[in-house]
Structure formats: C-alpha cells, structure tokens
Amino acid sequence: MGIIYLDNAATSWPKPEEVLNAMDNFSRNIGANPGRSGHRLSINAGRVIFETRESLAELLNIDDPLRIIFTKNATYALNIAIFGLLKAGDHAITSSMEHNSVMRPLREMERRGVELSVVECSPNGELDPQDIKSSIKNNTRAIYLTHASNVTGTIMPIAEVAQIAKEYDLIFCIDAAQTAGAIQIDVKDMMIDLLAFSGHKSFFGPQGTGGLFIGKDLEKEINTLEVGGTGSRSELEEQPDFLPDKYESGTPNTIGLAGLFAGVSYVLNIGIDKIRDLEMRLADKFIDGLISIPGVTLYGTKDASKQTSVVSFNIDGIDPSELAFEFDEKYNIMVRPGLHCAPSAHRTIGTYPKGTIRFSFGYFNTIEHVDFALEAIKKYTTMHK
C-alpha cells in the first residue's frame, strides 16, 4: 500500500482534481489582478473571487456574500476578530481546549489590559455551557470558542453557548478551522457573529486561503490590522469602511481562491452530510479498534458522533514523536505527534508536555486505511511489550 495520509486536521490531502485544474486554469487563462484594471482578464479574476464568496455563503447560509472577507488562513482571521475588536478594560471568555490561534492573541490582549477567563473543560475535552455563563461579567465583550478541538475532535455545544451570548448581548466568535466543510454550519441558525474558517482543510482548497464571516454592522466595531490598496475608492488616502474592502488590502491570493472555489463547489456537490457520515464511520471503526489494543490510551469522547474524525492516543512507554516517525518510515502512515499548537488542550486532557499522536481521517481515506493503521499499531505494541 502506498502513502496513507492521516493528517487531514493539519491540511487535507490529496486535493480533488477539480481544485488542481481550477488553479491551473487561472494561471494559464486569467492570471490578472482583480479589481485593479478594467480589462477582461482583471474582470474575470474579480469574478473568481466573487463566485468563491457566493459558494461559501451558500454553504454557511450567509445572506450577504460580501460579509465574507478573505485572509491567508484562519489564524489571521482570528487575529482580526480578537485584536480588531477587544480593547483594554474589556473581558473575554474562551475555553481550555483552544488552539493557539485563539489562545495566543487572547494572551497578548491580556498583556495589553484585556481581562481573560479560560473556562476549564472536562478531561474528555467537553465544555459545560453553564461554566461559560458563570464567567460572564459586566465588562464581558465577547466569547471565543473552537467549534471542535484539533486535539481530540470534541465538538463544542455551540447552540447552547450562542443562546447565552445572545441573552447577555455578547459577541460570539467561532473558530471553525476544524469543522467548516466537514460539519454542517448555519451562521443564522447557530447565531454566530464571527466565524473564522480555513480553506485548506475540509474545504479541500490550497494552503494560504481562509477567511472571516463578519455579522451585521460588526465592521463598525472591528478595526482592520492592515491598510492599503483595495482597488476601490482610489481617490481616497483613507481606508474604505465598507465590506469586504475594509479588511482586504493588497493583491489577493486569487489563484488560491480559484482553488478554494473549486473545493467548496466540490463539497456542495457531494453534500456535507455524506462527508460527515463517511468520516464518522472511519473514526468509529478506528476508535473501536484502538480500544481493543492493550497498552493504548485513547483520549476524547470515544464517540464519533460527538467529535470530528480526529483521534488522539498514546502507547504506553513510547514517545509520540518516535511513534510517528516509525509509522512514517515503516508503514508509510503520515500522522502528527506532539502538542498540536494547543498546549492548553493537552493540559486539559492530561497529556502535557509530550502530547499525543493524532490520526485525522478525511474524505479520501477508506476502511482499508483504517484496517492497515490498526494492524500497524498492533504490530508496534506487540514489538514493544
């Protein structure tokens, strides 16, 4: 068997042919700078970007596609949502299962005078919404929450927390890097004010793509992190104050967005429910197999319906990094060991400082991949008894 890629939580691979073809077509047949010229190639480049916004709006149930701004990744989107919104004297709430894309900006804002409450999750990575509610103060401005942990895959109770945010008139920001394209997201039904997403994971787009949904009128409260040319209102030396231009300075990654458009279209054609069903079946089979292997410690809910297709575990007496290296060298299995840029999450589940080894399944994985991986783990544990 060739390479078995089980690191989809970091970036999805392989990419659909449609994505590769779209990027190739853009380079060969369009290639121009969108919004900076009046010729047909520039207009076609602008159309690529608008169609990408429209496809994402359809998938996420966003009424106005212009409320989707494009960034180089989910991390930058979260930086806008945190640095652009909070100010000294504000209070923000987050969970102990956050990725550093949320935690580091919040810690930096804490250094600048923002008060921060980190709500502790259970050892399985689960969050009690009432703990969020009990953390609210008079100066609370926003709640920042991952949709699903990149360490355990645990899905957070977004609907319940959204209701609390609405009750207290707080801004609710979701980090959907692990879920956008893999789990149904409806920003209206879920009452999400800000949604950061990654283009290169479950949307099957290329690296260097991502974005932020900004709810109604919030652009008036969120400062941009950079200013410059937007291709609009060129007579002004001040940054435009309207969406999406306020947050999109400089030449965009149009070739990447052409790939993202193809990736989102791919997801729309398949249907998220079908993708979710396959990934749950893969994770469920893998979890069941791990539970039966002596010496394996499995983390998270151990229930595929309560998590994404991310599965973290350890083998007694074996360093996760050593284990990942062996899987690569001996079995052609590609996985990620360590702390996964989420030290707080690992402290929560009791795996800090060594971390875990993480297997993350995607739409292009098969039951055969799961079986092969389980056999490799069994062989390895038997050899190291």
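Residues numbered from 1 in each chain as written. Predicted model: local features only at pLDDT ≥ 70, side-chain atom pairs only at ≥ 80, totals over all residues. Heavy atoms only, no water.

On inspection of all chains with the given rule, the structure shows zero disulfides. Cys173 provides the cysteine sulfur closest to Cys121, a residue in no disulfide bond, and the two sulfurs are 16 Å apart. On the basis of relative accessibility, which here comes to 7%, the residue Cys121 falls in the buried class. Classification of Cys173 by relative accessible area gives buried; the value is 1%. (Disulfide = S-S within 2.5 Å. Buried < 20%, exposed > 50% of the residue type's maximum accessible area, 1.4 Å probe, protein only.)

Here we take up the sheet that holds strand E2 (residues 68-71). The seven strands are arranged E2-E8-E7-E6-E5-E3-E4 in an open sheet whose pairing can be described as mixed. At either margin of the open sheet sits one strand with a lone partner, and together these are E2 and strand E4 (115-119). Here the average twist between neighbouring strands, direction ignored, is 20°. (Pairing = 2+ DSSP bridges. Helix = DSSP H or I, 4+ residues; strand = E, 2+ residues; numbered from the N terminus. Axes fitted to C-alpha atoms, helices over the stretch in contact; angles between N-to-C directions.)

This part takes up the pairing of strand E3 (residues 91-95). When you tally the buried positions in E3, you get five out of five residues, the bulk of the element. Bridging between E3 and E4 involves five bridges; their strand directions are parallel. Bridging from a neighbouring strand, Ile93 pairs with Ser117 of E4. Direction of pairing for E3 relative to strand E5 (residues 140-146): parallel, over a ladder of three bridges. Among the inter-strand pairings, Ala92 is bridged to a residue of E5, identified as Ala142.

For strand E8 (residues 210-214), the buried fraction is high: five of the five residues fall into the buried class. Burial along E8 is two-sided: Gly210, Leu212 and Ile214 facing one way and Gly211 and Phe213 facing the other are all buried. Across four bridges, the pairing between E2 and E8 is antiparallel. Bridged to Phe70 within E8 is Gly211. Two strands pair when backbone bridges link them, and strand E7 (residues 194-198) and E8 are joined in this way by five bridges, in the antiparallel orientation. Opposite Phe197, over in E8, you have Gly211 as the bridge partner.

Take the side chain of Lys15 next. Tracing the sequence through the fold places Lys15 in the loop between strand E1 (4-5) and helix H1 (17-29). This buried residue, Lys15, is left without a salt bridge; Asp7 holds the nearest opposite charge, at 11 Å. Separated by 2.8 Å, the side chain of Lys15 and the backbone oxygen of Gly205 make a polar contact. For Lys15, the contacting residues outside a window of four places in its chain are Leu20, His200, Phe204 and Gly205. (Lys, Arg positive; Asp, Glu negative; His and termini not counted. Salt bridge = Lys/Arg side-chain N within 4 Å of Asp/Glu carboxyl O. Polar contact = N/O pair within 3.5 Å; in protein donor to acceptor, adjacent residues only side chain to side chain. Contact = heavy atoms within 4.5 Å.)

Turning our attention to the pattern of salt bridges. Taken as a whole and assessed by the stated rule, the structure comprises 18 salt bridges. Between Lys220 and Asp217 there is a salt bridge, with its nearest N and O atoms 3.6 Å apart. Residue classification places Lys220 among the exposed residues on the basis of a relative accessible area of 66%. Overlapping salt bridges bring together Glu108, Arg111 and Arg112 as one network.

With respect to the helices and strands, Asn253 occurs in the loop between E8 and helix H7 (254-270). With 53 residues separating them in the primary sequence, Asn253 and Lys306 have C-alpha atoms 35 Å apart. Every residue in contact with Asn253, bar those within four places of it in the chain, is listed here: Gln207, Gly208 and Thr209. In this structure the side chain of Asn253 is engaged in a polar contact, spanning 3.0 Å, whose partner is the backbone nitrogen of Gly256.

Our next topic: the nonpolar core. Within the largest apolar cluster, 81 residues are counted, with the highest numbers of intra-cluster contacts made by Phe286, Leu290, Phe313, Phe327, Ile333, Phe359 and Ile377. Here the element with the most residues in this core is helix H8 (residues 272-291); it accounts for eight residues. When sequence neighbours within four positions are dropped, the list of residues in contact with Phe286 reads Val311, Phe313, Phe359, Phe361, Val370, Ala373, Leu374 and Ile377. (Core = buried A, V, L, I, M, F, W, Y, C linked by side-chain atoms within 4.5 Å.)

Here the focus is the environment of Pro252. With respect to the helices and strands, the residue Pro252 is situated in the loop between E8 and H7. Each C-alpha atom, one on Pro252 and one on Thr230, is 9.4 Å from the other, the two residues being 22 residues apart in sequence. Setting aside its immediate chain neighbours within four residues, Pro252 contacts Asn33, Pro34, Arg36 and Ile49.

A separate point is the confidence of the model for the protein. In low-pLDDT regions, the fine details of the predicted coordinates are not to be read closely. Of the residues in the protein, 100% reach a pLDDT of 70 or more, and the chain-wide mean stands at 97. Here helix H11 (residues 367-383) is the element of the protein with the lowest mean pLDDT, 94, and E3 is the one with the highest, 99. (pLDDT = per-residue confidence, 0-100.)

Once that is clear, we can look at the packing of aromatic side chains. Counted by the stated rule, this structure contains 13 aromatic pairs. On the basis of an interplanar angle of 50° and a centroid distance of 6.1 Å, the ring pair of Phe327 and Tyr380 is categorised as tilted. Of this pair, Phe327 sits in helix H9 (residues 320-331) while Tyr380 sits in helix H11; the two residues are 53 residues apart in sequence, bridging distant segments of the chain. Tyr380 gets classed as buried once you look at its relative accessible area, which sits at 1%. These aromatic residues form a ring-pair network of at least three members: Phe286, Phe313, Phe327, Tyr331, Phe359, Phe361 and Tyr380. Of note, Arg347 hangs over the ring of Tyr352, and the distance from its end group to the ring centre comes to 4.2 Å. (Phe/Tyr/Trp six-rings, centres within 6.5 Å; stacked < 30°, edge-to-face > 60°. Lys NZ or Arg CZ within 6 Å of the ring centre and 35° of its normal.)

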